Number of protein chains: 2
Amino acid sequence: MNSSEFRKRGRDMVDYIADYMEQIESRQVFPSVEPGYLRPLIPDSAPEEGETFEEIMKDVERVVMPGVTHWHSPYFFAYFPTANSYPAMLADMLCGAIGCIGFTWASSPACTELETVMLDWLGKAIGLPEQFLAGSKGEGGGVIQGTASEATLMALLAARTRVTKRLQRENPDLSEAEIIGRMVAYSSDQAHSSVERAGLISGVKMKKIQSDGNFIMHGKALKKALEADKAEGLIPMFVCATLGTTSSCSFDNLMEIGPICNEENIWLHIDAAYAGSAFICPEFRYLMKGVEFADSFNFNPHKWLLVNFDCSAFWVKKRSDLIGAFKIDPVYLQHDHQESGLVTDYRHWQIPLGRRFRSLKLWFVLRMYGVKGLQEYIRKHVRLAQEFLEFVKQDNRFEICAKVVLGLVCFRLKGSNELNKSLLQKINNAKKIHVVPCCLEDKFILRFAVCARTVESKHIAFAWKHIEELANELLNKEGEQK
Amino acid sequence: MNSSEFRKRGRDMVDYIADYMEQIESRQVFPSVEPGYLRPLIPDSAPEEGETFEEIMKDVERVVMPGVTHWHSPYFFAYFPTANSYPAMLADMLCGAIGCIGFTWASSPACTELETVMLDWLGKAIGLPEQFLAGSKGEGGGVIQGTASEATLMALLAARTRVTKRLQRENPDLSEAEIIGRMVAYSSDQAHSSVERAGLISGVKMKKIQSDGNFIMHGKALKKALEADKAEGLIPMFVCATLGTTSSCSFDNLMEIGPICNEENIWLHIDAAYAGSAFICPEFRYLMKGVEFADSFNFNPHKWLLVNFDCSAFWVKKRSDLIGAFKIDPVYLQHDHQESGLVTDYRHWQIPLGRRFRSLKLWFVLRMYGVKGLQEYIRKHVRLAQEFLEFVKQDNRFEICAKVVLGLVCFRLKGSNELNKSLLQKINNAKKIHVVPCCLEDKFILRFAVCARTVESKHIAFAWKHIEELANELLNKEGEQK
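Residues numbered from 1 in each chain as written. Chains lettered and ligands numbered in written order. Predicted model: local features only at pLDDT ≥ 70, side-chain atom pairs only at ≥ 80, totals over all residues. Heavy atoms only, no water.

**Student:** Is there a simple way to think about the overall build of chain A in this case?
**Tutor:** A tally of helices and strands in chain A yields 14 helices and eleven strands. For 482 residues, the compact-globule estimate of 2.2 N^0.38 gives 23 Å, and chain A sits close to it at 24 Å. For the C-alpha atoms alone, the extent of chain A along its principal axes is close to 70 × 65 × 45 Å. Buried residues in chain A amount to 66% of all 482 residues. Considering only contacts in chain A between residues 6 or more positions apart, those separated by 24 or more positions represent 73%. If you sum the accessible surface of chain A, you get close to 16,400 Å²; carbon and sulfur atoms cover 49% of it. (Helix = DSSP H or I, 4+ residues; strand = E, 2+ residues; numbered from the N terminus. Rg over C-alpha atoms; globule rule 2.2 N^0.38 Å. Buried < 20%, exposed > 50% of the residue type's maximum accessible area, 1.4 Å probe, protein only. Contact = heavy atoms within 4.5 Å. Areas by Shrake-Rupley, 256 points an atom, 1.4 Å probe, with all protein chains shown as cover.)

Below, the structure is given as structure tokens:
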């Protein structure tokens, strides 16, 4: 395909995308396909000769679309939102065309420098303390990771290295394996599964601290666990606190946890993957009170801030801690400027070596929406969650299972887990809306998350009416059987 | 921005991209900016009110482009190629619009199923043994990783778990930390820096085996090292062999290494990040002889197979080994079909949880180019490298430093490292072409890699003429000083 054909096909694709978005409401939000549906629909090997764009686009509708879960349908209320906006898509097109791999400053200076400045913009916009920003002289700074999982892992690896170096300075005979074998990291029992995974990958024991009745991790429980571990000769070295847990959007108590971590020289990482976007509104910043105690902070603009996946923003107070985690410098990646101090080589800040020009997406979104536009977007979603909450409250067959703070409503039918599993199954079998469950204190719960950019009050009202109807059917049937 | 504005701006962006590609030759391949150039060019925080698309596009030319290293310029001969093609860009646009996160089968069945089948297509197209394919009943299968670094890390983690489980079955008192502390992994001294990094992340000692005079790792050297380590009570458990090393594009001897790994129950991972794309041509498959001994195999279609970054293809012979590395199942990610056996949940196959619909890129590229089109593309690049090689050979002031097998030519001026550093500096200061160095046996070497999709014989001839002229200048000056 040459440039002039691309001009034509690019337009076709732009129109296909605009059509898809305009008409997404008419597509079934959750697909009807069964596992293995796709293989029989296409040949079993790649064609020898090239095919046309038209042939492939026909297959997009025939093969792909019937198997897509439409995350951007206004009837999608599952997981947490994933972002999708036109400015981000335009920026991603440009990113693909430039197609540079920004592992070092020299491999594309604009890719690195725009990222550093955009993370400063974003940090300021959400009210992050200045110590986390790079500025022109700061010791901190931000980087775009692929996912919050990677950010947590990077923070844990940096902490692991910091502690190992310190202990080896004090006692040079200690091996790294011995030290790591005695390390302990902590998170709440409500933390995301990726935190447990970071422990598995790095070989550091990850312990779960019991949260309270509101799913919040407190200082007292943490303190108790780490004192017990210290008494056994273990080395507490990392805490991952969550702002906006996946199950119920609860917020760990940073004002209690933070000072303990600082006193004990424990790395405090904050995972605000979902909730972080809300801090662009000053009225939600009370939720991150105590962030100043942290060593690192992470949230996903690709969740709730209209920047398409992947764009997970990660800040550290001390760049040197992160870079120290594993700086390796082969000759083919060295360049003239690298020791100048002004230069950032982001390959030392992340797990992979390669990286795309993802800051373009942030730049386009922050500029085209403006801070005010993004604030309005968050406030609208929070308002929609309140609308859903009010519906649930008005039906006394249902109960609310966690405080509704942002865009997530956890609810269930009063009654058994089996009953609620049946309700969820009815909802997802009907395929008019899509919802996923969670467990809170052994209770099976339905999570209703406000997700799509296109969702409006009418969709919330529709969703509730639909859920009520299915609940009626279910409870009537139960009644008959009794 | 609404759909109708996107229709307009999308077209503008498509045209901008086509213009950029058509005129890329006229842009300076390596930028003239100094570190810190970008920050003063833009405001120090995000705007409150939204701005227009035109304002941002003006800044793309004013702020971004002057700092871009143009990887797709036909004068770019640095690192290894990174792919960029119109079909891949079109697919990526669609990927952004669908914007699903394919962590489980249910989160978007098409995303998972197309990936499994595309990895089968690709595996067949490069002649990978059937054991690596998923088919409908196979135990193996492929997955798209972000980078080769992540593939190596995943393989090492899977090996680490496999060995730990085996040893703990034999001796339940052994702790994981004790076992990991005794593990050893191996690669050639020519392996990519990401292999060393995988060792650092996982806590497994990574030892470098000395390669021979042609930069090849042999069985004998490996065998010697692992016997010595076993005698010391260590546990050899992983070998990363490279097909197409970064410095010189050498190929480790799989026919020697493979049987040793199989006998010793050591996980053999093959990193063919760059060279793997060439195996789409049957005449280059002799270079992967012995691949059947491997447990896992990886190459980057995003390097040399016209699929835009990121798309790193990774296959394992036993899916269960990979999934076993860290299967964690929170309720919010469980779904009805997950225990059916037919279903793949790719979140267990990778470091991050989130993942884009990247198989669309593979599908578009394989279909629009066809296998023949991709073969032609590889052959053309190999031919261009041969053209450059002939030029170098005709000038007896220069020497060739490694066998030229695919698209990389390692060469230098006969003489000191200082002389060659000066030549490289002259080349990169002139900014007419871009080249990076490497070290081979303490010699400073210039790496000339055929990279861009748009590169033709005339660019190769220009590059060589330019290098010769700079060498003339340098040697004349040296002569005068003597």
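**Student:** It is not clear to me how the interface of chain A and chain B should be interpreted in this structure. Could you clarify?
**Tutor:** How big an interface is tends to be stated in terms of accessible area lost as the parts join. Listed by partner, the interface residues are 145 residues for chain A and 146 residues for chain B. Taking both sides of the interface into account, the surface hidden between chain A and chain B amounts to around 12,500 Å²; carbon and sulfur atoms contribute 66%. Here chain A and chain B share 16 salt bridges between them. Two residues, Lys 372 of chain A and Glu 49 of chain B, come together in a salt bridge whose shortest N-O distance is 2.6 Å. Where chain A meets chain B, there are 65 residue pairs in polar contact (both at pLDDT 80 or more). Considering every element that reaches the side of chain A that touches chain B, the biggest residue donor is helix 1 (residues 3–22) of chain A, with 17 residues. A breakdown of the residues in the side of chain A that touches chain B according to their chemical character gives 78 nonpolar, 38 polar and 29 charged. (Buried area = accessible area lost by both parts, 1.4 Å probe. Salt bridge = Lys/Arg side-chain N within 4 Å of Asp/Glu carboxyl O. Polar contact = N/O pair within 3.5 Å; in protein donor to acceptor, adjacent residues only side chain to side chain. Nonpolar A, V, L, I, M, F, W, Y, C, P; charged D, E, K, R; others polar.)

**Student:** Even after reading the chapter, I still don't get the packing of helix 3 (residues 86–98) of chain A against helix 1 (residues 3–22) of chain B, so can you show me in this structure?
**Tutor:** When two helices pack together, their arrangement is captured by the angle between the axes and the distance separating the axes. Viewed as axis vectors pointing N to C, helix 3 of chain A and helix 1 of chain B meet at an angle of 10°, and their least axial separation amounts to 10 Å. In terms of their interaxial angle, helix 3 of chain A and helix 1 of chain B are classed as roughly parallel. Along the contact surface, helix 3 of chain A presents Tyr 86, Leu 90, Met 93, Leu 94, Ala 97 and Ile 98 of chain A, while helix 1 of chain B presents Ser 3, Phe 6, Arg 9, Gly 10, Met 13, Val 14, Tyr 16, Ile 17, Tyr 20 and Met 21 of chain B. Here the residues of the contact of helix 3 of chain A with helix 1 of chain B are counted per class, giving 13 nonpolar, two polar and one charged. (Axes fitted to C-alpha atoms, helices over the stretch in contact; angles between N-to-C directions. Parallel < 35°, antiparallel > 145°, perpendicular 65-115°, else oblique.)

**Student:** Help me out: how do you make sense of the relation of the copies chain A and chain B in this one?
**Tutor:** For the pair chain A and chain B, the relating rotation is 180°, the translation along its axis is 0.0 Å, and the fit reaches an RMSD of 0.0 Å. Taken together, the rotation angle and the small translation identify this as a two-fold axis. (Least-squares fit on C-alpha atoms with pLDDT ≥ 70 in both.)

**Student:** Even after reading the chapter, I still don't get the confidence of the model for chain A, so can you show me in this structure?
**Tutor:** Put simply, chain A has an average pLDDT of 95, and 96% of its residues get 70 or more. Reported for the predicted complex are a pTM of 0.96 and an ipTM of 0.95. (pLDDT = per-residue confidence, 0-100.)

**Student:** Got a minute to help me understand the sheet that holds strand 7 (residues 312–316) of chain B in this structure?
**Tutor:** Pairing between the strands of a sheet is mediated by backbone hydrogen bonds and can be parallel or antiparallel. Residue and element names in this part refer to chain B. The sheet built from seven strands is open, its strands ordered 1-7-6-5-4-2-3 with mixed pairing. Across the chains shown, the open sheet's two edge strands, defined by having one partner strand only, are strand 1 (141–145) and strand 3 (205–209). Geometrically, the sheet is characterised by an average inter-axis angle of 20° between neighbouring strands, direction not taken into account. Inspection of the sheet shows strand 2 (residues 183–188) paired to strand 4 (residues 235–242) by five bridges, in the parallel sense. (Pairing = 2+ DSSP bridges.)

**Student:** Is there a simple way to explain helix 5 (residues 148–170) of chain A in this structure?
**Tutor:** Because each turn of an α-helix spans 3.6 residues, side chains separated by three or four positions end up pointing in the same direction. For helix 5 of chain A, spanning 23 residues, the distance from its first C-alpha to its last is 33 Å, which sits close to the expected 33 Å at 1.5 Å a residue. Counted residue by residue, helix 5 of chain A has 17 buried out of 23 residues, so it is predominantly covered. (Expected span 1.5 Å × (residues − 1).)

**Student:** How should unusual backbone geometry be read in this particular structure?
**Tutor:** Residue Asp 310 of chain A follows Phe 309 of chain A across a cis peptide bond; omega there is 0°. Residue placement: Asp 310 of chain A occurs in the loop between helix 10 (301–304) and strand 7 (312–316). The phi dihedral of Glu 441 of chain B falls on the positive side, at around 50°, and the residue is not glycine. Tracing the chain through its elements places Glu 441 of chain B in the loop between strand 10 (436–440) and strand 11 (443–449).

**Student:** Before we go on, may I ask you to explain the packing of aromatic side chains in this structure?
**Tutor:** Each aromatic ring pair is summarised here by two numbers: the centre-to-centre distance and the angle between the ring planes. Counted by the stated rule, this structure contains 40 aromatic pairs over all chains. With a centroid separation of 5.9 Å and 75° between ring planes, the pair formed by Phe 103 of chain A and Trp 71 of chain B is classed as edge-to-face. Here Phe 103 of chain A, found in the loop between helix 3 and helix 4 (109–125), pairs with Trp 71 of chain B, found in the loop between helix 2 (53–64) and helix 3 (86–98), and the two come from separate chains. Taking the centre distance of 6.1 Å and the plane angle of 45° together, the rings of Phe 297 of chain B and Trp 315 of chain B count as tilted. Of the two residues, Phe 297 of chain B sits in strand 6 (residues 296–299) while Trp 315 of chain B sits in strand 7, which places them 18 residues apart along the sequence. On the basis of relative accessible area, Trp 315 of chain B is assigned to the buried category, the value being 0%. Through pairs of rings, three or more aromatic residues link up here, namely Phe 77, Phe 388, Phe 398, Phe 411, Phe 448 and Trp 464 of chain A. Sitting over the ring of Tyr 86 of chain A, Arg 453 of chain A keeps its end group 5.1 Å from the ring centre. (Phe/Tyr/Trp six-rings, centres within 6.5 Å; stacked < 30°, edge-to-face > 60°. Lys NZ or Arg CZ within 6 Å of the ring centre and 35° of its normal.)

**Student:** Quick question: what am I supposed to make of the packing of helix 4 of chain A against helix 12 (residues 359–394) of chain A here?
**Tutor:** All names here are of chain A. Remark: helix 4 packs on helix 12, axes separated minimally by 9 Å, with the N-to-C direction vectors making an angle of 40°. As the angle between them shows, helix 4 and helix 12 are arranged oblique. With respect to the hand of their crossing, helix 4 and helix 12 are arranged in left-handed fashion. Facing Cys 111, Leu 114, Glu 115, Met 118, Leu 119, Trp 121, Leu 122 and Ala 125 of helix 4, the residues of helix 12 in contact are Ser 359, Leu 360, Leu 362, Trp 363, Leu 366, Arg 367 and Val 371. Here the contact of helix 4 with helix 12 is composed, by residue class, of twelve nonpolar, one polar and two charged. (Left-handed = near helix turned anticlockwise from the far one by under 90°.)

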